[in-house]
Amino acid sequence: MAFRQVTGVILVTTKEVKMGNLRSHIQEDVCYDRSNSGCQNWPHVQEWGEVMKNTSYYIAPSDPSLNGNMVLQDLVGRITPERLANLLDGSNPGTDWRDVVTRNFAPVHQHNLNVRGGSDAVKYFVSAGYLNQGSMWKSGDFNYERFNLSMNLDTRFSKYLMGSFDMGWRRQMDNKSNADGTGDMDLIEYAHPGFPASIPDGRLGIVNTNNAYSPIVATTESLGGYKKATLDALNASGTLTYNLPWISGLSVKGKASIYKEHKDTKALKRGYTLYAWDGTNFVNELKGNAGRSDLSERNDQFQRVTTQLSLNYVKSFGQHGLNALFLWETVNESSTNYTAFGNGLLSPEVPYLFSSNTDLRDVDGSATEFGRSGVIGRINYDFVGKYLVELSMRSDASPYFPKDTRRGFFPGLSLGWRISEESFMDNVKFLDNLKLRASVSKLGNDLVNSYDYIEAFQILGIDRGYIFNGNYQTGIATTGTPNFELTWQKVNMYNVGIDAAIFNNSLTMEFDVFYR
C-alpha cells in the first residue's frame, strides 16, 4: 500500500506466512522524510542588516555608501563590486545557505522479519531488522544504519523445571560530519548571506570573515572529513526456575545475564582552504583545521555481568495470604578504552595512522572496574484481601566504601487497609477502591567520589612532568588524604497515603504526605 503524509511518501509491504505452528511476518517501509520542512528560511542580506542594527554588536560602517548597513561592510573588497551593488539596492537578496546545502527530503528505509512458533513444551520468537536513514544534505553524504537481531526461547523441561533464554544483538553504524565548527546546522546560521555559494576555478568560497567555517565543507565528506562509529552490542540472559514438589508454593530461580559493547570510532578532519573573490583576484585566504589533515581512532569496550539467585514462596491459608521473596544479586562491570591520534597526514586520501607526522602522534586510554552485591528480602501478608502488611529489607555492599563500612542495611515496613472491601461500604456503589496506607523505611545513598578511601596516586598530564638527565619523565601525585570513615548516607522516610478509584475505575486518585 502507499499513502502520503507530512513526512513524505511511505511504501509499506506486509506479508504474513503461516505453516503449522510456524508463523512469520515481513514488513518493509520506505520513507522520504521532509527533514527541513520545519526550518524557517534564513533572512536575506537586507533583513539581516536590520536585525543586526537592533543588537549590541552593531557598529555603524564608516563608508556612507553602505547606508548604515554593517553587514555589507564585511563584504567590501571580498566580493565583486557588481554583487555588492546588487545587494545594496536589494536586487540580489543574497545566498540562502540552507537551500544551498539541504534538500527537501531524507531517504529512510526499514525492513523487519518476525518468526514465532513452538509447542506446549517449547516456544520461540525471532526478530531481525534493518534500518538505513540518509541525511538531508544535498551532497548525499552521512547516514545512520542499524542491524538488529533478537530471540526468545521458553522451555518446559519437566513438570517442575522451566527455562528461558533471551538474546538481543544490534550493530549501529553512524557516519557524520567532522569539519571545523560548532555543528552543521549552526554553520548555516554563521554563513553570511552576502557571500556567494560558488566562486571561479571551483575553489571553496569563504562564508564569513571571522573563521574558516563553511556549511558546504561541513556537509560534504570529501571536503571536511567524517566521524564514523560502529557499535556492536550484545545482551543475553538465561533463567532457570524450579518449583519444589515437596513444598507447595516454593520455587527457586536462578538468572545470569551479560551485556557487552564494542565500539570503534574513526575520525578524519580534512584540511582545506577558503577564498574570497573580488572580481579580479582571490583574496582573504582562510585555512580550515590550519590546512592540516588529522586522524584519530578510538576503541571502547564495556561489559556487565549480573547474577541473581532467589527463593519465592506464594501460599494461601484460608483467608490468609503469604508471599515471600529472598534474592541475592551481584553486578560486575569493566570497561577499557584507548585513543590514538595521528595528526599531519601525508594525504587525507591515506587515512591511516602510519601516514601521520611522527612528531604529531599521541595515545591515551583508561580502564575501570566496578562491582556490587546485595541481598533483598520481602514478606507480604494479607488477611481477606483487606488488611495488608509488608516487611522488607535490603543489604547492599558498595565499592566506594572501605571494607568495614561497605555494607548498609535498609529495612522497611508498610501497612495497608482496603476500606472499600469492608461490609459497611457495600452501599457505596460508585466507589471501586479506597485504600489507606502508611510506610516507614530507611534509604541509602553511596554517591560519593569514587574510592576516596584508597591511598592512591594519579598520573599527571604531559605538561606536569619533569626532565631528568635530558629525558622527560611522567609525573605522579597523590590523590589526597584517604578517608577511612566513609560510609552510606542514610535517610529515614515516612509516608501516609490514600488511593481511590470511582465510576468503574474511570477516575483514579492518589494523595500522599511524606516526611524525610
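Before going into details, it helps to say that this report is about the structure given with it.

Calculation criteria
Residues numbered from 1 in each chain as written. Predicted model: local features only at pLDDT ≥ 70, side-chain atom pairs only at ≥ 80, totals over all residues. Heavy atoms only, no water. Helix = DSSP H or I, 4+ residues; strand = E, 2+ residues; numbered from the N terminus. Contact = heavy atoms within 4.5 Å. Polar contact = N/O pair within 3.5 Å; in protein donor to acceptor, adjacent residues only side chain to side chain. Salt bridge = Lys/Arg side-chain N within 4 Å of Asp/Glu carboxyl O. Buried < 20%, exposed > 50% of the residue type's maximum accessible area, 1.4 Å probe, protein only. Phe/Tyr/Trp six-rings, centres within 6.5 Å; stacked < 30°, edge-to-face > 60°. Lys NZ or Arg CZ within 6 Å of the ring centre and 35° of its normal. Pairing = 2+ DSSP bridges.

**Examining the environment of Asn178**
Reasoning step 1: As for its position among the elements, Asn178 is in the loop between strand E7 (161-176) and helix H5 (184-190).
Reasoning step 2: Along the chain, Asn178 and Thr219 lie 41 residues apart, while their C-alpha atoms are 9.1 Å from each other.
Reasoning step 3: Apart from the residues within four sequence positions on either side, Asn178 is in contact with Gly224, Gly225, Tyr226, Lys227, Ala267, Leu268 and Lys269.
Reasoning step 4: A polar contact is formed between the side chain of Asn178 and the backbone oxygen of Leu268, at a distance of 3.4 Å.

**Focus on the pattern of salt bridges**
Reasoning step 1: Evaluated as defined, the whole model comprises 14 salt bridges.
Reasoning step 2: Among the salt bridges present, the one from Asp446 reaches Arg372, with a minimum N-O distance of 2.6 Å. Of the two residues, Asp446 is situated in the loop between strand E18 (431-445) and strand E19 (457-459) and Arg372 in strand E15 (residues 361-383); the sequence distance between them amounts to 74 residues.
Reasoning step 3: With a relative accessible area of 6%, Asp446 lands in the buried category.
Reasoning step 4: The closest approach of N and O atoms between Glu421 and Arg418, which form a salt bridge, is 3.4 Å.
Reasoning step 5: The partly exposed category is assigned to Glu421, whose relative accessible area is 38%.
Reasoning step 6: According to the relative accessible area criterion, Arg418 is partly exposed, its value standing at 26%.

**Regarding the packing of aromatic side chains**
Reasoning step 1: One pass over the structure, following the stated rule, counts 12 aromatic pairs.
Reasoning step 2: Between Tyr352 and Phe354 the ring centres are 5.8 Å apart and the planes differ by 5°, which places this aromatic pair in the stacked class.
Reasoning step 3: Aromatic side chains Phe430 and Phe503 sit 5.9 Å apart centroid to centroid with 35° between the ring planes, which places their arrangement in the tilted category. Residue Phe430 is found in the loop between strand E17 (407-418) and E18, and its partner Phe503 is found in the loop between strand E23 (489-502) and strand E24 (507-515); the two are separated by 73 residues along the sequence.
Reasoning step 4: According to the relative accessible area criterion, Phe430 is partly exposed, its value standing at 45%.
Reasoning step 5: Of the aromatic side chains, those joined through ring pairs into one cluster are Tyr275, Trp277 and Phe282.
Reasoning step 6: Positioned above the aromatic ring of Phe282 is the side chain of Arg203, whose terminal nitrogen or guanidinium carbon lies 3.9 Å from the ring centre.
Reasoning step 7: When the ring centre of Tyr226 is taken as reference, the NZ or CZ atom of Lys228 above it lies at 4.4 Å.

**Remarks on the pairing of strand E16 (residues 387-397)**
Reasoning step 1: Across 11 bridges, the pairing between E15 and E16 is antiparallel. Looking at E16, one finds that Asp382 is bridged to Leu388.
Reasoning step 2: In this antiparallel pair of consecutive strands, E15 and E16, the connection spans three residues, and Val384 shows a positive phi of 50°.
Reasoning step 3: Pairing of E16 with E17, which is carried by 11 bridges, proceeds in the antiparallel orientation. Considered in E17, the bridge of Asp396 is made with Gly408.

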